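# Structural description and commentary
Residues per chain, in single letters:
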Amino acid sequence: MSLESLPIPDNIADLTGPLILGHFFNWGLLGVLTVQACEFALTGTSMLLNTNLVAPPDIYYLVFPGDAIWPTKSLAAFVYILEVAQTCIVTSDAFRNFGSGWGDMVKLDLIGTYWLGLPVMTAIISCVVQFVYAWRVWRLTKRWWTPGIIALLSLTQGIAGIYAGDRARRLNHFSMLQADTYVSTSIWLAGTASCDTLIAASMSLTLLKSRTGMRQTNILLSRIVRLVVETGTVCAVCAVLDLILYLVFMHNNYHLAPSITLTKVYSNSLFAILNSRLRVVNGKIGQYADSADTTLSIHVSSEHPRISRGHMGTYSQEAVQRVELAEMPSNEGIDLGRRNEDPKTVHLGDSFEGF
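Here is a short report on the structure shown in this document. Here the residue index of a chain counts from 1 through its sequence in written order. Thresholds applied to this predicted model are a pLDDT of at least 70 for local features of residues and 80 or more for the giving and counting of side-chain atom pairs; totals over whole chains, interfaces and linings are not thresholded and use all residues. Side-chain numbers come from the whole structure's heavy atoms, not from hydrogens or water.

## Notes on the overall build of the protein chain
What the protein chain contains, in helices and strands, is 12 helices and 5 strands. Counting every position in the protein chain, which comprises 355 residues, the buried fraction comes to 52%. If you take every contact in the protein chain between residues at least 6 apart in sequence, the share linking residues at least 24 apart comes to 74%. Here the protein chain displays about 16,600 Å² of accessible surface, and carbon together with sulfur accounts for 66% of that area. Each helix corresponds to a stretch of at least 4 residues labelled H or I by DSSP, and each strand to a stretch of at least 2 residues labelled E; elements are numbered beginning at the N terminus. Note on exposure labels: buried denotes an accessible area under 20% of the residue type's maximum, exposed denotes more than 50%, and partly exposed covers the range between, all computed with a 1.4 Å probe on protein chains only. We call two residues in contact whenever any of their non-hydrogen atoms come within 4.5 Å of each other. Using the Shrake-Rupley algorithm and a 1.4 Å probe, accessible areas are obtained, with residue cover drawn only from the displayed protein chains.

Now the structure itself:
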């Protein structure tokens, strides 16, 4: 019996439910990404004129206008443009499923352009984000073996994802997809989850080893570690959930709910790292340092350190150990403790340079 003559099955919710939920989450996460990335003209102009305004909803390009066009801003723009394109691609398929082809089991079974919007674009964006992390791990450790493993895992999962997308394009039927792309999809999702786990573990261990005896520096490092672990864990959990649903539930679309949104999870984690330099004090927005300033300056007294200006990036162990003493005006900075008569400045080299 052909699909054209099949009535709507009783388990139709297992086929359409995950799709509609995935599209809802995908659009929602695009909104979150836009909040992190976009600059609105009116608020941007007013913010440039008055840096003490309450934070508007456009964060990265507004708060860090001094970031280098290459590679930081170019990378952010590239990822955001890809995400907008991915949303448009999968939304066209959503309209086919829930609009023009509603109730048509043939059109519901067609993959359409999902092959491009899901495995291919997710593989590309996740690979870009993971290479950024690999670069940062190298900047932190100055050793190649951990970044090399991260890059190798990232390339492997990226190639497997693109191959799975190409197979899906050739098959063009969801009913045939899981049995045919079992191996390539498993390598893709397991590889990206392993890569995310390695990134979170290696960066956390390196940063924790970079702790100094200064309380404020340790607080900053702890915040960075928490952010890295949180973003890496979310990416890994989403990939593993997608893999489990793909392998366990072979005759429905449960796996498509996390699969549609996986690319947005990676992009939002990237912008979360870029925006980790953001400082909000009493509802006012700013940054820990100008982009050209790659040091964290701390006034040191015998009892109470205080941050004068800083950059909430990530700091290499070698740079943390390099201490330069210099005079600093007593009226500069945010006082978090008592001043002494001869304050000194500790410069911590910033491994965030370039990203």
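## Let's talk about the nonpolar core
Among the buried residues, those of types Ala, Val, Leu, Ile, Met, Phe, Trp, Tyr and Cys that are joined through side-chain atoms within 4.5 Å form a nonpolar core. Ranked by internal contacts, the top residues of the largest apolar core, which has 41 residues, are V79, M203, L270 and F271. Every element with two or more residues in this core is listed here: α1 (12-37), α4 (69-100), α6 (114-141), α7 (145-171), α9 (182-209), α10 (215-248) and α11 (256-274). Top contributing element to this core by residue count: α6, with 10 residues. Formed by 15 residues, the second largest nonpolar core is a distinct cluster that contains L171, Y246, L256 and I260.

## Some words on the environment of Q86
Assignment of secondary structure puts Q86 in helix α4. A relative accessible area of 0% means that Q86 is categorised as buried. Sequence separation between Q86 and V120 is 34 residues; the distance between their C-alpha atoms is 9.9 Å. Beyond its immediate chain neighbours, meaning those up to four positions away, Q86 contacts N26, G117, L118, M121, I260, T263 and K264. Reaching out from Q86, the side chain makes a polar contact with the backbone oxygen of I260 at a distance of 3.4 Å. Pairing of N or O atoms within 3.5 Å defines a polar contact, subject to two protein rules: one partner must be a possible hydrogen donor and the other a possible acceptor, and residues neighboring in sequence count only if both atoms are side-chain atoms.

## Observations regarding the environment of Y254
For Y254, the location among the structural elements is in the loop between α10 and α11. Classification of Y254 as partly exposed rests on a relative accessible area of 26%. Between the C-alpha atom of Y254 and that of T16, which follows or precedes it by 238 residues, the distance is 9.1 Å. With near-sequence residues (within four places) excluded, Y254 lies in contact with D14, P18, L245 and F249. A polar side-chain atom of Y254 sits 2.8 Å from a polar atom in the side chain of D14.

## A closer look at unusual backbone geometry
Of note, the phi angle at K142 is positive, near 60°, even though the residue is not glycine. The residue K142 is located in the loop between α6 and α7 in this model. Classification of K142 as partly exposed rests on a relative accessible area of 41%. Although it is not a glycine, N172 adopts a positive phi angle of roughly 60°. Relative to the elements of secondary structure, N172 occurs in the loop between α7 and α8 (174-180). Judged by its relative accessible area of 27%, N172 falls in the partly exposed class.

## Observations concerning the packing of aromatic side chains
Each aromatic ring pair is specified by the distance between its two centres and by the angle formed by the two planes. Here a pair means two rings of Phe, Tyr or Trp (six-membered ring of Trp) with centres within 6.5 Å. Their orientation is stacked below 30 degrees between planes, edge-to-face above 60, and tilted elsewhere. Counted according to the given criterion, the structure contains 5 aromatic pairs. Ring centres of F98 and W102 lie 6.2 Å apart, and the angle between their planes is 35°; on these two criteria the pair is classed as tilted. Take F98: its relative accessible area is 26%, and that puts it in the partly exposed class. Classification of W102 by relative accessible area gives exposed; the value is 60%. Each member of the aromatic cluster is reached from another via a ring pair, and the members are W135, W138 and W144. Cation placement over rings: the criterion is NZ of Lys or CZ of Arg within 6 Å of the ring centroid and within 35° of the ring normal. When the ring centre of W138 is taken as reference, the NZ or CZ atom of K142 above it lies at 4.5 Å. Note that R169 overlies the ring of W115, its terminal NZ or CZ placed 5.8 Å from the centroid.

## Digging into the pattern of salt bridges
We define a salt bridge as a contact between a side-chain nitrogen of Lys or Arg and a carboxyl oxygen of Asp or Glu at a distance within 4 Å. Using the criterion set out here, one finds 5 salt bridges in the structure. Ionic pairing is found between E83 and K264, a salt bridge with its closest N-O pair at 2.9 Å. With a gap of 181 residues between them, E83 in helix α4 and K264 in helix α11 connect regions that are remote in the sequence. Salt bridges sharing partners connect three or more residues here, namely D166, R169 and R170.

## Some remarks on the packing of α7 against α9
One can describe the packing of α7 onto α9 by two numbers: an axis separation of 8 Å at closest approach and a directional angle of 155°. One way to sum up the angle between α7 and α9 is to call them roughly antiparallel. The two elements α7 and α9 cross, and the hand of that crossing is left-handed. Of α9, the residues touching α7 (which contributes T146, I149, I150, L153, S154, T156, Q157, A160, G161, Y163 and A164) are S184, T185, I187, W188, G191, T192, S194, C195, L198, I199 and S202. Among the residues making up the contact of α7 with α9, the classes are represented as 11 nonpolar, 11 polar and no charged. Here an angle of 0 to 180 degrees is reported between the N-to-C directions of two axes, which are lines fitted to C-alpha atoms, with helices fitted over the stretch in contact. What sets the label is the angle itself: under 35 degrees gives roughly parallel, over 145 gives roughly antiparallel, 65 to 115 gives roughly perpendicular, and the rest give oblique. What makes a crossing left-handed is the near helix being turned counterclockwise from the far one by less than a right angle; a clockwise turn instead makes it right-handed. Charged means Asp, Glu, Lys or Arg here, nonpolar means Ala, Val, Leu, Ile, Met, Phe, Trp, Tyr, Cys or Pro, and polar covers whatever is left, Gly included.

Just geometry here; none of it tells us what the structure is for.
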